[in-house]
Amino acid sequence: MKFKRQPGDILKQLGIYEPEDIDLDLVAYSLNADVKRAALSDCEGNIIGTDEKAIITVNRDADPRRQRFSLGHELGHWVNDRGKNLTYRCDTIDMRQRSMSKNNFRQQKEVRANQFSAELIMPEHIFGRYLNNLDITTESVNYLANQFNVSRTSAAIRFVEVSDYPCMIVCWDKTGNRRWFTRNPIMPDSIWPYPRIIRPREAFALSNGVEVDADKWIDSKRSEDYSVIESVFSNGYDILSLIWWKDESHLTVC
Ligand SMILES: [Zn+2]
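Analysis parameters
- Residues numbered from 1 in each chain as written.
- Predicted model: local features only at pLDDT ≥ 70, side-chain atom pairs only at ≥ 80, totals over all residues.
- Helix = DSSP H or I, 4+ residues; strand = E, 2+ residues; numbered from the N terminus.
- Buried ≥ 20, exposed ≤ 12 C-beta atoms within 10 Å, placed from the backbone.
- Contact = placed C-beta atoms within 7 Å.
- Axes fitted to C-alpha atoms, helices over the stretch in contact; angles between N-to-C directions.
- Parallel < 35°, antiparallel > 145°, perpendicular 65-115°, else oblique.
- Nonpolar A, V, L, I, M, F, W, Y, C, P; charged D, E, K, R; others polar.
- Domains from an automatic or database assignment.
- Pairing = 2+ DSSP bridges.
- Core = buried A, V, L, I, M, F, W, Y, C linked by C-beta atoms within 7 Å.

Peer 1: Would you mind going over the environment of Q97 in detail, with residue names and values included?
Peer 2: The topology assignment puts Q97 in the loop between α4 (92–96) and α5 (105–121). Under the C-beta neighbour-count criterion, Q97 is labelled buried, with 23 such atoms within 10 Å. Each C-alpha atom, one on Q97 and one on R112, is 9.1 Å from the other, the two residues being 15 residues apart in sequence. When residues no more than four places from it in sequence are discounted, the contact partners of Q97 are Q107, E110, V111 and N114.

Spelled out as structure tokens, the structure:
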């Protein structure tokens, strides 16, 4: 995704190379943005900016990890969308927006702000180092979420984006409908999860690195012929299945 400045470069210029040093208030200060925390009833974060300076307000009543993501999101607007007058009020729907709609420019900006926030909080030059030798499991997601002080959903998405291994994260509502999914860049575009899981109660039993038939999740005639490693967890609202093709030769028979 194109940013006007890369989040990783902003951190490197500040000499930040460890997760505990990713202080978003410091990043905001370096970018000429003041940060306030206040009770906000209708949004998670907002920004008012001019050419030179911005004021960002984050909802102080939200979970601290949510506040952190919201601040990164507003910084995304500041870096990418600034102009003469910049005003955004961003709610939880904006902050979860992941799919680009071709003609909805506001939505495109929300998706970009979310990606900017994820890359600022989990920059490749630091996050990539932490992935070494980690199996693609719930346990690893929990470890990364704690190291980087982010939600498990954010950690899992970034894990899939940055990993060198073929994997996918799929988000389902509790009735079994697929909400969204993200593939690792080395995965073929032809591999899709089902749009709907028929027996969600059974499929959504929590797991951590268990080998299952690929046709439990993958919508393909060939998926009954091989297995994948699954980890299933909840984020409190939805169910996430993290799927790893441990045997990469199966990618060619999908
Ligand atoms: Zn926004």
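Having seen the model, we can carry on.
Peer 1: Would you mind going over the packing of helix α7 (residues 138–148) against helix α8 (residues 152–162) in detail, with residue names and values included?
Peer 2: Between α7 and α8, the shortest axis-to-axis distance is 8 Å and the interhelical angle comes to 110°. Looking at the two axes, α7 sits roughly perpendicular to α8. Contacts between α7 and α8 involve V141, N142, L144, A145 and F148 from the former and R152, A155, A156 and F159 from the latter. Of the residues assigned to the contact of α7 with α8, the class counts are seven nonpolar, one polar and one charged.

Peer 1: I'd like a description of the domain arrangement of the protein, backed by residues and values.
Peer 2: Its domain assignment divides the protein into domain 1 (7–121) and domain 2 (135–253). In this structure, domain 1 and domain 2 have C-alpha centres spaced 28 Å apart. Every contact between the two is made by eight residues of domain 1 and, on the other side, nine residues of domain 2. Examining the composition of the side of domain 1 that touches domain 2, we find that three residues originate from one element, helix α3 (residues 64–81), more than from any other. Here the side of domain 1 that touches domain 2 is composed, by residue class, of four nonpolar, one polar and three charged.

Peer 1: Go over the sheet that holds strand β8 (residues 227–234), please, and point to the residues and values.
Peer 2: With antiparallel pairing, the five strands of this open sheet are ordered in space as β6-β5-β9-β8-β7. For this open sheet the edge positions go to β6 (178–183) and β7 (207–213), each flanked by a neighbour on one side alone. Taking the axes of each pair of neighbouring strands and ignoring which way they run, one obtains an average angle of 25° across the sheet. Pairing geometry for β7 and β8, over six bridges, is antiparallel. Across the sheet, V212 pairs through a bridge with V228, a residue of β8. Here α8 sits on the sheet in contact with β5 (167–172), β6, β8 and β9 (239–244), set at roughly 150° to β5.

Peer 1: How would you summarise the nonpolar core if you had to cite specific residues and measurements?
Peer 2: Counting 61 residues, the largest nonpolar core has L75, A156, I169, V170 and L242 as the members making the most contacts within it. Broken down by element, the residue count for this core peaks at six residues, all from β5. Shared between two domains, this core takes at least three residues from each, and those domains are domain 1 (7–121) and domain 2 (135–253). Setting aside residues up to four positions removed in sequence, L242 forms contacts with I136, T138, V141, A156, C167, I169 and S231.

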